Amino acid sequence: MAESTASDGLLALWHSFRLPLLVALATGLAILRLRRVLQTRSKAATASSIPSSPRSLSPEKKPRLDELTSTVEKKDTKALDSGRISPKPAVGPKRVTGKKPIKTAGRRTDAAPAEVEQPVTFIQPIIFWASLTGSTERYAKVLLEDLRAAAQTKTDPENRERGLLPPQIYDLAEVDYDDYFTTAPKPPSTSPGTRYVYLFLIPSYNIDTILDTFLAHLDETHHDFRIDTGSLSSLAGYAVFGFGDKEGWPTEEEGFCSQAKELDRWMAKLSNKKRAYPLGFGDVKNDAQAALKEWTEGVQDILGDIVEHGSLGEGVPGSGDPLESDEEESDDEESDESKSKIRKGRKPQAVVDLEDIKMGADAQVGGSPIPVDFTIAGTSQGIQPTEKEMVPKTSPTYTSLTKQGYTIVGSHSGVKICRWTKSALRGRGSCYKFSFYGIRSHLCMEATPSLSCSNKCIFCWRHGTNPVGTTWRWKVDSPDLIFDGIKEGHYKKIKQMRGVPGVRAERFAEAMRIRHCALSLVGEPIFYPHINPFLDLLHSEHISSFLVCNAQHPDQLETLNRVTQLYVSIDASNRESLRKIDRPLHRDFWERFQRCLDILREKRHVQRTVFRLTLVKGFNIDDEVVGYANLVEKALPCFIEIKGVTYCGTSTSAGAGLTMQNVPFYEEIQEFVLSLNKELERRGLDYGIAAEHAHSCCALLASRRFYVNGKWHSRIDYPRFFELLEREKADGTTFRPEDYMMETAEWALWGNGGFDPNDERVYAKGKKKALKAAEPAAAAEAEAEA
């Protein structure tokens, strides 16, 4: 009975105080919860100054498993005499974190927003090699010694905070790939500005070796979803040199240096295209040592540039190459889908016709400059330079031309590398000038001392953006300023090509010495008042001169000094056709044109003279063979180039009535060449079909003066030309074009296509089958005509 009474009392007590107790309990739990939240936020705020990625911590501060268990062990590493350093063994499971790329001003960077990257102070080269027989190891040690010597010369003794460090060297069979190729090694805490450059010496084998495992690791790393695709982007750069045997694999397609090529491709992807120097090749039974030495010299120059400037260059990572209007796409670096997205995202650029606007800079010039008409003056003496610039930096002309890839030199000159230069550097063929005249495109500089022209041709590649005029009314820059400026601009653009996939190291090295200059970029070179002193500067450095004029400046043509080859654009065979195609500014354009032909006839035994016919379907092909034959009969040029127009696809061309329908097929060019040759033979003119370059849709007719002992000699002996030129200046001994001619290559002759067999032709999609199908028919037609 007593127990029942106690239970009833407790129940009554619970019912009386249950509400306050529940409220107190809930309040206590809420306070505990709030306290935990505040503690968590306090810890996060304290850690906000620490880099977000564990990889960014210095080795001494990284949280390690042995630190958490209070059993810290310090292990010393010893450097070997050969420069090899044993990598530290990793403790605990590896954790790989990538950095989200940031796109700024069209350039991809690899610094995370929360991480400030240290400026580059030291460059640490690391040499990786692989070998079964030991030969590559010997080459690697030679490279090691060369870079050691370079480290001593490229480090300023007065500035110990910047320079090139002595190289390290590793055998790929002994290193842990995760330490070097899953992510790049972090710089030491004592020198956070140190950046690494990987250099690879790789042979190629047809058996399973460590290289197969290594390349498979790079493949897996790139495709591992847990790792950033650019996990090696913190490198300062990389370069690959491959050793192969041309006896077993004569060409790259048959396997020559195939594993080096594959390594170069994977490293480009993992490093975000930080190719510091082009892929080099060496034949172990022929030129391996010499090729490696040349490659090493180029690498040393690049390492010096990185030490000086802190990076590979501006623009696209690796190449530093700004986007140009005729740039070739890198087919092995980007997917077709990404290319289409880029193209769709580009906004069309407005095209400005400089004849129809008045540049704002004109208003800033005090007074009106006195115009000097060089189209009616025979000499350039007495020219008073004015303050007005042809292409001011603030003008729309400057903006448009620089966007197209030009480097503007001074106030009226320019330089640019063409797509054939890029093609030759990649072993994909040179332009027609190599087939016809022996000019390798990667040794040629395309420039002009005058961006202004007196025509507005409907097929002009420069979209009507260059200035036009009939008189020189601008400031005149000195020949020395132009010569130094265009060389500097050309070499800078060549250097920017070092990161482009497929560039051959030996051709890149050759390209750093200009051998030819095509004065045909844009505008009218002969319009420049000091053209003769400018040509003397070219010839003084044994740079050949190929000058192109538009037959509108006869006085300048008459006083022109000797050039290696003189072109005149013959774009039509009659007055009306010439007016529609060239759209000349001179009212007496046809009379000027005819007078230039007379001058060419007089010069034909002093200069190598060339007619350049640009055929535009619907404008100057139909029923004009007889008219062109009349012009040839009048001027008797040494050579006649016949080329199909290249459509530039602009509103300017469309407004003039030019579309893709006006671009002739090569079969039509061949038919025109055969018809013109037949007409010249009918008139008794001694010409013949000498060569062709089907890739450029171009063919060459030549005077029989250059047909010796049953063979065509359209090529030029350049050393002989400069020898004769120097002798002429010394004692006045004159010479003729026949004195420096060379035999045309067999593959360049008419009917053989004209593509260098040492290069690899790259076809656009669908064109290869069509061209192969057309070859038998073309050959049969040529044989029938012969």
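All values derive from a computational prediction rather than experimental measurement.

What to know about a nonpolar patch on the surface
Part 1 of the argument: Side chains of Leu-10, Leu-11, Leu-13, Trp-14, Phe-17, Leu-21 and Leu-22 sit close together on the surface and give an oily, nonpolar patch of about 730 Å² of accessible area.
Part 2 of the argument: Mapped onto the elements of the fold, Leu-10 is located in helix H1 (residues 2-46).

Notes on helix H20 (residues 666-682)
Part 1 of the argument: A rise of 1.5 Å per residue sets the reference length of H20, with its 17 residues, at 24 Å; its end C-alpha atoms lie 24 Å apart and thus fit the reference within 8%.
Part 2 of the argument: Of the positions making up H20, those classed as buried are Tyr-666, Ile-669, Gln-670, Phe-672, Val-673, Leu-674, Leu-676, Asn-677, Glu-679 and Leu-680.
Part 3 of the argument: Positive phi shows up at Gly-684, right after H20, with a value of about 85°.

Quick word on helix H5 (residues 210-223)
Part 1 of the argument: A rise of 1.5 Å per residue sets the reference length of H5, with its 14 residues, at 20 Å; its end C-alpha atoms lie 20 Å apart and thus fit the reference within 8%.
Part 2 of the argument: Listed as buried for H5 are Leu-211, Phe-214, Leu-215, His-217, Leu-218, Thr-221 and His-222. The arc that holds the buried residues of H5, viewed along the axis, is 150°, so those residues lie on one side. Exposed and facing more than 90 degrees away from the buried side of H5 are Glu-220 and His-223.
Part 3 of the argument: Buried positions along H5 lie against helix H4 (177-182), strand E6 (194-203) and helix H6 (258-270).

Points about the state of the cysteines
Working definition: the covalent bond between the sulfur atoms of two cysteines is a disulfide.
Part 1 of the argument: Applying the stated rule across the entire model yields 0 disulfides.
Part 2 of the argument: Not engaged in a disulfide, the cysteine Cys-457 finds its nearest cysteine sulfur in Cys-453; these two sulfurs lie 6.1 Å apart.
Part 3 of the argument: The thiol of Cys-549 is not disulfide-bonded; the next cysteine sulfur, from Cys-596, is found 6.1 Å away.

Description of the packing of helix H18 (residues 625-635) against H20
Part 1 of the argument: Where H18 meets H20, the axes come as close as 9 Å, and the angle between the chain directions of the two elements is 55°. Regarding the angle of H18 to H20, the classification is oblique. Where H18 crosses over H20, the two elements pack in a sense that is right-handed. From H18, Val-625, Val-626, Tyr-628, Ala-629 and Val-632 reach across to H20, where they touch Phe-672, Ser-675, Leu-676, Glu-679 and Leu-680.
Part 2 of the argument: Class assignment of the residues belonging to the contact of H18 with H20 gives a composition of 8 nonpolar, 1 polar and 1 charged.

What to know about the environment of Val-391
Part 1 of the argument: Looking at the secondary structure, you find Val-391 in the loop between helix H8 (336-345) and helix H9 (396-403).
Part 2 of the argument: Given a relative accessible area of 1%, Val-391 falls into the buried group.
Part 3 of the argument: C-alpha separation for the pair Val-391 and Ser-411, spaced 20 residues apart in sequence, amounts to 5.5 Å.
Part 4 of the argument: With residues near it in sequence (within four places) discarded, Val-391 still touches Thr-397, Tyr-398, Ser-411, Leu-451 and Pro-467.

Some details on the sheet that holds strand E9 (residues 407-409)
Part 1 of the argument: Strand order in the open sheet formed by 10 strands is E9-E10-E11-E12-E13-E14-E15-E16-E18-E17, and the pairing between neighbours is mixed. Here the strands that pair on one side only, and so sit at the sheet edges, are E9 and strand E17 (687-693). Looking at each pair of strands side by side, their axes are set apart by 25° on average, direction ignored.
Part 2 of the argument: Of the strand pairs in this sheet, E9 and strand E10 (residues 413-416) are connected by 3 bridges, and their pairing is antiparallel. Among the inter-strand pairings, Ile-408 is bridged to a residue of E10, identified as Gly-414.

What about the pattern of salt bridges?
Part 1 of the argument: On inspection of all chains with the given rule, the structure shows 27 salt bridges.
Part 2 of the argument: We note a salt bridge from Arg-704 to Asp-686, for which the minimum N-O separation is 3.9 Å. You can see Arg-704 sitting in the loop between strand E18 (698-703) and strand E19 (707-708) and its partner Asp-686 sitting in the loop between H20 and E17, a full 18 residues away along the chain.
Part 3 of the argument: A salt bridge links Arg-736 to Glu-738; the shortest N-O distance between them is 3.5 Å.
Part 4 of the argument: Salt bridges linked by common partners bring Glu-633, Glu-679, Arg-682 and Arg-683 together as one network.

Remarks on the nonpolar core
Part 1 of the argument: Phe-611, Leu-613, Ile-642 and Leu-676 are the most contacted members of the largest nonpolar core, which has 83 residues in total.
Part 2 of the argument: Non-local contacts of Phe-611, meaning those with residues more than four positions away in its chain, are made with Val-568, Ile-570, Leu-597, Leu-600, Leu-631, Val-632, Ala-635, Pro-637, Phe-639, Ile-640 and Glu-641.
Part 3 of the argument: In this structure, Val-120, Leu-164, Leu-199 and Ala-236 belong to the second largest nonpolar core, which totals 41 residues.

Topic: the packing of helix H17 (residues 589-603) against H18
Pairs of packed helices are described in terms of their axes, by the angle between the two and the distance that separates them.
Part 1 of the argument: The interhelical angle for the contact between H17 and H18, taken along N-to-C directions, is 45°, at an axis separation of 7 Å. It follows that H17 is oblique to H18 by the angle criterion. Every residue of H18 that contacts H17 at Phe-593, Gln-594, Leu-597, Asp-598, Leu-600 and Arg-601 is listed here: Leu-631, Glu-633, Lys-634 and Ala-635.
Part 2 of the argument: Per-class residue counts for the contact of H17 with H18 are 5 nonpolar, 1 polar and 4 charged.

Some points on the environment of Arg-148
Part 1 of the argument: Structurally, Arg-148 can be placed in helix H3 (residues 135-153).
Part 2 of the argument: In this structure, the C-alpha to C-alpha distance between Arg-148 and Pro-166, residues 18 residues apart in sequence, is 5.2 Å.
Part 3 of the argument: A distance of 3.1 Å separates the side chain of Arg-148 from the side chain of Glu-145, its partner in a polar contact.

Examining the environment of Gln-404
Part 1 of the argument: Along the chain, Gln-404 falls in the loop between H9 and E9.
Part 2 of the argument: Gln-404 gets classed as buried once you look at its relative accessible area, which sits at 6%.
Part 3 of the argument: Taking the C-alpha atoms as reference points, Gln-404 and Lys-416, separated by 12 residues in sequence, lie 9.1 Å from one another.

What about the pairing of strand E15 (residues 609-615)?
Part 1 of the argument: Burial runs high along E15: 7 of the 7 residues are buried.
Part 2 of the argument: Residue alternation in E15 divides its side chains into two sets, Thr-609, Phe-611, Leu-613 and Leu-615 and Val-610, Arg-612 and Thr-614, and both sets are buried.
Part 3 of the argument: When strand E14 (residues 565-569) meets E15, the two strands line up parallel, connected through 4 bridges. Looking at E15, one finds that Leu-566 is bridged to Thr-609.
Part 4 of the argument: Between E15 and its parallel partner strand E16 (residues 639-644), the chain crosses via H18, and the hand of that crossover is right-handed.

Parameters at a glance
Residues numbered from 1 in each chain as written. Predicted model: local features only at pLDDT ≥ 70, side-chain atom pairs only at ≥ 80, totals over all residues. Heavy atoms only, no water. Patch = residues over 30% accessible without salt bridge, like charges linked within 9 Å, V, L, I, M, F, W, Y side chains within 5 Å. Areas by Shrake-Rupley, 256 points an atom, 1.4 Å probe, with all protein chains shown as cover. Salt bridge = Lys/Arg side-chain N within 4 Å of Asp/Glu carboxyl O. Helix = DSSP H or I, 4+ residues; strand = E, 2+ residues; numbered from the N terminus. Expected span 1.5 Å × (residues − 1). Buried < 20%, exposed > 50% of the residue type's maximum accessible area, 1.4 Å probe, protein only. Arc of directions from axis to C-beta. Contact = heavy atoms within 4.5 Å. Disulfide = S-S within 2.5 Å. Axes fitted to C-alpha atoms, helices over the stretch in contact; angles between N-to-C directions. Parallel < 35°, antiparallel > 145°, perpendicular 65-115°, else oblique. Left-handed = near helix turned anticlockwise from the far one by under 90°. Nonpolar A, V, L, I, M, F, W, Y, C, P; charged D, E, K, R; others polar. Pairing = 2+ DSSP bridges. Core = buried A, V, L, I, M, F, W, Y, C linked by side-chain atoms within 4.5 Å. Polar contact = N/O pair within 3.5 Å; in protein donor to acceptor, adjacent residues only side chain to side chain. Right-handed = clockwise from strand over helix to strand, strands pointing away.

Note that every value here comes from positions in space, so none of it alone points to a role or purpose.
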